[in-house]
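Residue-level structure breakdown
The chain contents come next:
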Number of protein chains: 2
Amino acid sequence: MFETFFKALGEPTRLRIVRMLAEQELCVCELEEILQVSQPRISQHLKILKQAGLVSERREGQKRMCKFNQGYYYDVMAKFGQFMQIPLNEIPEFKEEYRRMCDITSSCCK
Amino acid sequence: MFETFFKALGEPTRLRIVRMLAEQELCVCELEEILQVSQPRISQHLKILKQAGLVSERREGQKRMCKFNQGYYYDVMAKFGQFMQIPLNEIPEFKEEYRRMCDITSSCCK
DNA sequence: CCGTAATATAAACTTATCCTTATATAAGTA
DNA sequence: TACTTATATAAGGATAAGTTTATATTACGG
């Protein structure tokens, strides 16, 4: 989840798209015009941003109005803050890593 | 800057390294052991994390103790929050995009 | 229904990323 | 000085990501 999220943000064109959409709703052809980027390129990056949950869209005639999901963005950022702050042993996915960390002194670089 | 930062976090192994280092300082061979990942792989990912400013290291004999740069991390996160919140026309890098956005109604999908 | 505007998708190419294997460096230790 | 431990780096290959060009879809306007 964090991976997809950060990967989506870790690309300059997508970051620009997101920042534009944070300003206001825009359709693909507007993004194309504003960012001076080809239409398929915009579409493909939007797909990734949608999969990451950062952007959603709404049909308006032939256009698709794209919107920055601010709520979701805040949510993930907050969750990541938590993830980085809480003690390791409270993160289920790090159970094994925690265990190995605890008996590390015996096995490596003594 | 944000790009490098997020790109560094958008990879599972690096995210695990960062999370481990957020818990405590560790050397390469400890990370290797804890994460069950080969030594060169750890080294290479650490290089990227260092370039992103997320990790720094200190020599201790033959070991290099790696440390999570919490301060820098908070800093970038805060700056990114700002970047996403402030009006577009206050971001110098988006000067052109702002201008194009303003006269968009005339040029595209009328 | 035909044409056009807005967008999506597919194929092909290029480049970047990640991983492995092998080797190099650098600091302790015998 | 030779050996070992800890780490870095380089080269190779495999896969993924980003871009372009071309084509498909979908909705509206005549």
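A short tour of the structure in this document, coming up. (Residues numbered from 1 in each chain as written. Chains lettered and ligands numbered in written order. Predicted model: local features only at pLDDT ≥ 70, side-chain atom pairs only at ≥ 80, totals over all residues. Heavy atoms only, no water.)

**Remarks on the packing of helix H2 (residues 12–23) of chain B against helix H3 (residues 28–35) of chain B**
Residue and element names in this part refer to chain B. Interaxial distance between H2 and H3 falls to 11 Å at its minimum, and their mutual angle equals 115°. In terms of axis orientation, H2 runs roughly perpendicular to H3. The handedness of the crossing between H2 and H3 comes out as right-handed. For the pair H2 and H3, the contacting residues are Arg16, Ile17, Met20 and Leu21 in the first and Leu31, Ile34 and Leu35 in the second. Per-class residue counts for the contact of H2 with H3 are six nonpolar, no polar and one charged. (Axes fitted to C-alpha atoms, helices over the stretch in contact; angles between N-to-C directions. Helix = DSSP H or I, 4+ residues; strand = E, 2+ residues; numbered from the N terminus. Parallel < 35°, antiparallel > 145°, perpendicular 65-115°, else oblique. Left-handed = near helix turned anticlockwise from the far one by under 90°. Contact = heavy atoms within 4.5 Å. Nonpolar A, V, L, I, M, F, W, Y, C, P; charged D, E, K, R; others polar.)

**With respect to the sheet that holds strand E1 (residues 26–27) of chain B**
Residue and element names in this part refer to chain B. Pairing in this open sheet of three strands is antiparallel, and the strands run E1-E3-E2 from one edge to the other. Since the sheet does not close on itself, it has two edges, and those belong to E1 and strand E2 (55–60), each with one partner. Where E1 lies against strand E3 (residues 63–68), two bridges are found, and the strand directions are antiparallel. Across the sheet, the residue bridging to Leu26 is Cys66, located in E3. (Pairing = 2+ DSSP bridges.)

**Remarks on the interface of chain A and chain B**
Counting residues at the interface gives 45 residues for chain A and 45 residues for chain B. Summed over both partners, the interface of chain A with chain B comes to about 4000 Å²; 71% of that surface belongs to carbon and sulfur atoms. When the buried area of chain A at its contact with chain B is split by residue, Arg19, Met84 and Met101 of chain A rank highest and sum to 17% of it. Scanning the region where chain A abuts chain B turns up two salt bridges. The partner of Arg16 of chain B in a salt bridge is Glu97 of chain A, with the nearest N and O atoms 2.4 Å apart. Our enumeration of links across chain A and chain B arrives at 12 residue pairs in polar contact (both at pLDDT 80 or more). (Buried area = accessible area lost by both parts, 1.4 Å probe. Salt bridge = Lys/Arg side-chain N within 4 Å of Asp/Glu carboxyl O. Polar contact = N/O pair within 3.5 Å; in protein donor to acceptor, adjacent residues only side chain to side chain.)

**Thoughts on the packing of helix H2 (residues 12–23) of chain A against helix H5 (residues 70–85) of chain B**
Put simply, H2 of chain A and H5 of chain B touch, their axes get as near as 8 Å, and they point 55° apart. Between H2 of chain A and H5 of chain B, the interaxial angle falls into the category oblique. Contacts between H2 of chain A and H5 of chain B involve Leu15, Val18, Arg19 and Ala22 of chain A from the former and Phe80, Phe83 and Met84 of chain B from the latter. For the contact of H2 of chain A with H5 of chain B, a count of residues per class yields six nonpolar, no polar and one charged.

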